[in-house]
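Analysis of the macromolecular model
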Amino acid sequence: MIIRIKRGYETKQLDNLIELIKSQGLGVEPTVGTEYTVLAVTGDTNIIDIDRIRAIDIVDGVIRIKEPFKYTGRVNHEENTIVNVSGVKIGGNNFAFIAGPCSVESERQIIEIAKAVKKAGAKILRGGAFKPRTSPYTFQGIGKEGIEILLKAKKEVGLPIVTEITSVKYLDAYSDVDIIQIGARNMQNYELLKEVGKTGKPILLKRGFCNTTEEWLMSAEYVMSEGAKDVILCERGIRSFEPLTRNTLDLSSIPMLKEITHLPIIADPSHASGVARAVKPLSLAAVGAGVDGLMIEVHNDPENALCDGAQSVKPELFKDIADTVKKVLPIYGKVLS
Ligand code: PEP
Ligand code: MN
């Protein structure tokens, strides 16, 4: 880290600043030039509160040199992480489809959809039991019963499951869940992130719709600093000024994040658009941008779905999307899990 000092500082002020940094166990190398004085700070500079340094009178600016991403960054972990969920691989050159309804509604609904998406090529079943809805007056999910239904489908159809957690108080119900999902609304619920990180299970971390990629990676740092190794990032669209779609799928984030992080990145074109007919083109675009998988909402009766029917594709359309994606995957050097 480099700290640039304002002209006309007093030696006492500079000594105080150097002392403050050293008191945190860091090294400081001052360079006094004719025009400017700079301090090079060495050691684990991630512990420094940059805002506190910037607020000091004689500080003109602070430049971070060290990457702040200790666990998620490529600096300490060059090779791609491949998450392996019961033999289904995501990351590296492995690509997987995750599919299922927005919410678990009944056993019949889940089993029927699970069989259909499996046949079409999905390797992981999704479904929300606890739903974090924008309005408290809308369907909130069927709760623990929903997880039990998903576990039945896992056994009967033979697909690992991913389902969202909304509160640490439900964590016990997730012991047989294969991947725990952290939804967009909870991306910065740090207590929840720490607790799921302790489980050691794979975590699917969705991007908050008003969050930068840096904030997203920092949330993954919370999960990983508690011991979890397998984090899958899910780009699910961000809020923009465009009202035509529910969100805007930020495809630019994918190639840029791939440079910074070794973690697998998947896309969710369903929540990104909110429109079922946009799911196929966005799926293909996301594959082109380099994703390691797709999570798609599939419902057997979208018109009567209790949640997110407008963006849910029918099993036939999911099959068409999967078949088309399978054809282009080799162009991008990916193999289907
Ligand atoms: C979901 O996956 O059903 C969901 C609620 O997604 P998000 O958190 O991205 O809105
Ligand atoms: Mn949904």
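Look up: the structure comes first, before these words.
Nothing here was measured: the structure is a model prediction, and the numbers come from that model. (Residues numbered from 1 in each chain as written. Chains lettered and ligands numbered in written order. Predicted model: local features only at pLDDT ≥ 70, side-chain atom pairs only at ≥ 80, totals over all residues. Heavy atoms only, no water.)

Some thoughts on the overall build of the chain
Note the cut-off: For the purposes of this entry, the term helix denotes a DSSP run of H or I that reaches at least four residues, the term strand denotes a run of E that reaches at least two, and both are numbered from the N terminus. Throughout, exposure labels follow a simple rule: accessible area from a 1.4 Å probe, protein chains only, divided by the maximum for the residue type, with under 20% read as buried, over 50% as exposed, and the rest as partly exposed. Contacts between residues were defined by any pair of non-hydrogen atoms, one from each residue, lying within 4.5 Å.
When helices and strands are tallied, the chain shows 10 helices and 15 strands. In terms of overall dimensions, the chain has a C-alpha envelope of 75 × 45 × 40 Å along the principal axes. Counting over 337 residues, the chain shows a buried share of 50%. Counting only contacts in the chain whose residues sit at least 6 apart along the sequence, the fraction spanning at least 24 positions is 67%.

Topic: the environment of Leu317
By secondary structure assignment, the location of Leu317 is in helix H10 (residues 315-328). Residues Leu317 and Val223 lie 94 residues apart in sequence; the distance between their C-alpha atoms is 35 Å.

Notes on helix H7 (residues 253-260)
For clarity, the threshold we go by: As used here, the arc belongs to the directions running from the helix axis to the C-beta atoms.
Within the sequence span of H7, burial applies to Ser253, Ile254 and Leu257. Down the axis of H7, the smallest arc covering the buried residues is 90°, so these residues share one side. As for H7, its buried residues are in contact with helix H6 (213-224), strand E12 (231-235), strand E13 (265-267) and helix H9 (279-289).

Concerning the side chain of Asn94
Examined against the element boundaries, Asn94 turns out to sit in strand E7 (residues 94-100). You can call Asn94 buried: its relative accessible area is 11%. Setting aside residues no more than four positions away along its own chain, Asn94 makes contact with Ile82, Lys89, Asp292, Val335 and Ser337.

So, the packing of helix H3 (residues 107-120) against helix H4 (residues 144-157)
Any two packed helices are characterised by how steeply their axes cross, that is the angle between the axes, and by the distance between the axes. Counted only if it meets this: For every element, the axis is a line fit to its C-alpha atoms; helices are fit only across the contacting stretch, and the angle between N-to-C directions ranges from 0 to 180 degrees. Just so you know how the angles are binned, under 35 degrees is roughly parallel, over 145 roughly antiparallel, 65 to 115 roughly perpendicular, and the rest oblique. Should the near helix be turned counterclockwise from the far one by less than a right angle, the crossing is left-handed, whereas a clockwise turn marks it as right-handed. As a working rule, the residues Ala, Val, Leu, Ile, Met, Phe, Trp, Tyr, Cys and Pro are called nonpolar, Asp, Glu, Lys and Arg charged, and the rest polar, with Gly in that last group.
Close contact between H3 and H4 brings their axes to 9 Å; oriented N to C, the two are set at 40°. With respect to H4, the element H3 is oriented oblique. For the pair H3 and H4, the sense of crossing is right-handed. Counted together, Glu107, Ile110, Ile111, Ala114, Lys115 and Lys118 of H3 and Ile149, Leu150, Lys152, Ala153, Glu156 and Val157 of H4 form the full contact between these two elements. Classifying every residue of the contact of H3 with H4 gives 7 nonpolar, no polar and 5 charged.

Examining the packing of aromatic side chains
Aromatic ring pairs: the centre-centre distance and the angle between the two ring planes describe each pair. This is how it is decided: In this scheme Phe, Tyr and Trp rings, the latter by its six-membered ring, pair at centre separations within 6.5 Å, and the angle between planes marks the pair as stacked below 30 degrees, edge-to-face above 60, and tilted otherwise. Only Lys NZ and Arg CZ are tested; either one counts as a charge over a ring when it is within 6 Å of the ring centre and within 35 degrees of the ring normal.
With the rule as written, the count across this model stands at 5 aromatic pairs. Residues Phe95 and Phe97 carry aromatic rings whose centres are separated by 5.3 Å and whose planes lie at 80° to one another, so their mutual orientation is edge-to-face. Both residues of the pair, Phe95 and Phe97, count as buried. Counting every residue linked through ring pairs, the aromatic cluster contains Phe95, Phe97 and Phe318. Taking NZ or CZ as reference, Arg4 lies 4.5 Å from the ring centre of Tyr36, over its face.

Focus: the coordination of the manganese ion (ligand 2)
Our working rule: Any N, O or S atom lying within 2.8 Å of the metal counts as a donor, and for Na, K and Ca the limit rises to 3.2 Å; water is left out, so some sites can look incomplete.
Around the manganese ion (ligand 2), the protein contributes the donor atoms Cys102 (SG), His271 (NE2), Glu297 (OE) and Asp308 (OD), at 2.0 to 2.4 Å from the metal centre. The sequence motif formed by the donor residues of the manganese ion (ligand 2) is C-x168-H-x25-E-x10-D. Taken together, the residues Cys102 in the loop between E7 and H3 and Asp308 in the loop between strand E14 (293-297) and H10 connect sequence positions 206 residues apart. Residue class for Cys102 comes out buried when judged on its relative accessible area of 1%. For Asp308, a relative accessible area of 17% gives the class buried.

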